[in-house]
Amino acid sequence: MSARRPPPAERAAGRRIVTAFLASAAAAVGFAVAYGLNAGPRWEGVCLAVAFAGLAVGLAQWGRHLVPVGGYVEEHEGFTSPPDEQAMTAAELTAPDSPIRRRGLLAALGLAVTALGVAALFPLRSLLPWNRRQPNEALSNTPWGPGVRLVDQQGRPLRPEDVPADTMVGVFPEGAVDSGDGPAFAVRLAPERFTRPPSGGHLDGLVVWSLLCTHAGCPVGLYLKGAGRLLCPCHQSSFDLLADARPVAGPAARPLPGLPIEVGPDGFLRATGDFTGPPGAGFWRRP
């Protein structure tokens, strides 16, 4: 008996499927070659896209044209249990020692469900008016405070002479170098150049401000020496350090908060209080 010859439509579909799978395989090989030659993510992405697209097209064509389609009916036995099984189940559930009739188990289950439900309501307590200020209080205070010494990133205390003229030096609160809202910077400027006195005061031109941009909290690390300007690289906010670090360009709307400082009895720089304003975005302090 001779084998059935597929109709022309099936043969054409088979050719399309084979072509799609071959294209997928070739694209996969191309991806490997592009990766090995370090051709860049653009070519690697193109090869991967073609590989997955060829595979998807081939499978779709296969399922649409070569897999038999139509309605099929499968016989299935009834879902009703036999009478003897129904009687046995009823006897088990109504017996004196049935789990359904054990009041202790049901009481424990009810207690557990009730306790879980009540516990799930506890987080809603933070939304009550008299509790709304609690999260904000933690954001209002930084590690800075009276007597906290200024240290470098290695934790070494700094003296006034450690800050050269017209040079930006990163400073941190002692004991909290890794704090998120504590980073600051010290810079020494000529006092006669100030057009607006620093809000945190200065020591013969030595001023300390927060390192966090008041727009989105990015570190403002680009200092324009000689111009007294500080630039945030994230969104190009610019602050004039000669005018109490007020913003003069970009999206920032508030000046950088200053840090009041003094020289301690040991000769090291230390803070006399916290920042003059909220560091970073400070949105939690706005009405």
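Because the structure is a prediction, the values reported are computed rather than measured. (Residues numbered from 1 in each chain as written. Predicted model: local features only at pLDDT ≥ 70, side-chain atom pairs only at ≥ 80, totals over all residues. Heavy atoms only, no water.)

1. Some words on the overall build of the protein chain
Phase 1: Looking only at helices and strands, one finds 5 helices and 10 strands in the protein chain.
Phase 2: In the protein chain, which comprises 287 residues, the share counted as buried stands at 32%.
Phase 3: Relative to all contacts within the protein chain whose residues are 6 or more apart in sequence, the contacts with residues 24 or more apart total 51%.
Phase 4: In the structure as shown, the protein chain presents an accessible area of about 18,500 Å², 62% of it carried by carbon and sulfur atoms. (Helix = DSSP H or I, 4+ residues; strand = E, 2+ residues; numbered from the N terminus. Buried < 20%, exposed > 50% of the residue type's maximum accessible area, 1.4 Å probe, protein only. Contact = heavy atoms within 4.5 Å. Areas by Shrake-Rupley, 256 points an atom, 1.4 Å probe, with all protein chains shown as cover.)

2. Digging into the sheet that holds strand E6 (residues 229-231)
For sheets, the rule is that strands pair by backbone hydrogen bonds, running either parallel or antiparallel.
Phase 1: Taken in spatial order, the 4 strands line up as E5-E6-E7-E8 in an open sheet, and their pairing is antiparallel. Two strands close off the open sheet at either side, each with one partner strand: strand E5 (222-224) and strand E8 (246-249). Between one strand axis and the next, the sheet turns through 30 degrees on average, direction left out of account.
Phase 2: Inspection of the sheet shows E6 paired to strand E7 (residues 238-240) by 3 bridges, in the antiparallel sense. Counted as the bridge partner of Arg 229 is Asp 240 from E7. (Pairing = 2+ DSSP bridges. Axes fitted to C-alpha atoms, helices over the stretch in contact; angles between N-to-C directions.)

3. Concerning a positive patch on the surface
Phase 1: Taken together, the side chains of Arg 11, Arg 15, Arg 16 and Arg 64 define a basic patch exposed on the protein surface.
Phase 2: With respect to the helices and strands, the residue Arg 15 is situated in helix H1 (residues 8-36). (Patch = residues over 30% accessible without salt bridge, like charges linked within 9 Å, V, L, I, M, F, W, Y side chains within 5 Å. Salt bridge = Lys/Arg side-chain N within 4 Å of Asp/Glu carboxyl O. Lys, Arg positive; Asp, Glu negative; His and termini not counted. Charge placed at Lys NZ, Arg CZ, Asp CG, Glu CD.)

4. A word on the pattern of salt bridges
Oppositely charged side chains can pair when the atoms bearing their charge come close.
Phase 1: Applying the stated criterion across every chain, the model contains 5 salt bridges.
Phase 2: Between Glu 174 and Arg 149 there is a salt bridge, with its nearest N and O atoms 2.8 Å apart. Residue Glu 174 is located in the loop between strand E2 (168-173) and strand E3 (184-188), and its partner Arg 149 is located in the loop between helix H5 (133-140) and strand E1 (150-151); the two are separated by 25 residues in the primary sequence.
Phase 3: For Glu 174, a relative accessible area of 36% puts it in the partly exposed group.
Phase 4: Here Arg 149 falls in the partly exposed class, since its relative accessible area comes to 22%.
Phase 5: Between Arg 229 and Asp 240 there is a salt bridge; the shortest N-O distance is 3.8 Å.

5. Side note on a nonpolar patch on the surface
Phase 1: A surface patch of nonpolar side chains, about 300 Å² in accessible area, is lined by Val 29, Val 33 and Leu 37.
Phase 2: Tracing the backbone through its elements, the reader meets Val 29 in helix H1.

6. Comments concerning the sheet that holds E1
Phase 1: On the basis of which strands lie adjacent, the open sheet formed by 4 strands has the order E1-E2-E3-E4 and antiparallel pairing. Edge positions in the open sheet fall to E1 and strand E4 (206-210), since each of these has one partner strand only.
Phase 2: Pairing analysis gives 4 bridges linking E2 to E3, with the strands arranged antiparallel. Within the sheet, the bridge partner assigned to Met 168 lies in E3 and is Val 187.

7. Digging into the packing of aromatic side chains
Phase 1: Counted according to the given criterion, the structure contains 3 aromatic pairs.
Phase 2: With 6.3 Å between their ring centres and 35 degrees between their planes, Phe 31 and Tyr 35 make a pair best called tilted. Linking Phe 31 with Tyr 35, this pair stays in helix H1, spanning 4 residues, or about one helical turn.
Phase 3: For Tyr 35, a relative accessible area of 59% puts it in the exposed group.
Phase 4: Their ring planes at 70 degrees and their centres at 6.4 Å tell us that Trp 144 and Phe 275 sit as a pair that is edge-to-face. Here Trp 144, found in the loop between H5 and E1, pairs with Phe 275, found in the segment after strand E10 (269-271); they are 131 residues apart in sequence, far enough to count as distant. (Phe/Tyr/Trp six-rings, centres within 6.5 Å; stacked < 30°, edge-to-face > 60°.)

8. Quick look at the pairing of E8
Phase 1: Inspection of the sheet shows E7 paired to E8 by 3 bridges, in the antiparallel sense. Bridge pairing in E8 links Phe 239 to Pro 247.
Phase 2: Here E7 folds back onto E8 in antiparallel fashion, the turn holding 5 residues, of which Asp 244 has a positive phi close to 60 degrees.

9. Considerations on the nonpolar core
Phase 1: Judged by nonpolar contacts, the single largest core of 19 residues is most densely connected at Phe 185, Trp 209, Val 220, Leu 241 and Leu 256.
Phase 2: Looking at this core, the elements with two or more residues in it are E3 and E4.
Phase 3: Core analysis: the next-biggest nonpolar cluster, separate from the first, contains 16 residues, Trp 144, Leu 150, Leu 269 and Ala 271 among them. (Core = buried A, V, L, I, M, F, W, Y, C linked by side-chain atoms within 4.5 Å.)

10. Looking at the environment of Trp 43
Phase 1: Turning to its location among the elements, Trp 43 is positioned in helix H2 (residues 41-66).
Phase 2: When its relative accessible area of 53% is taken as the criterion, Trp 43 is described as exposed.

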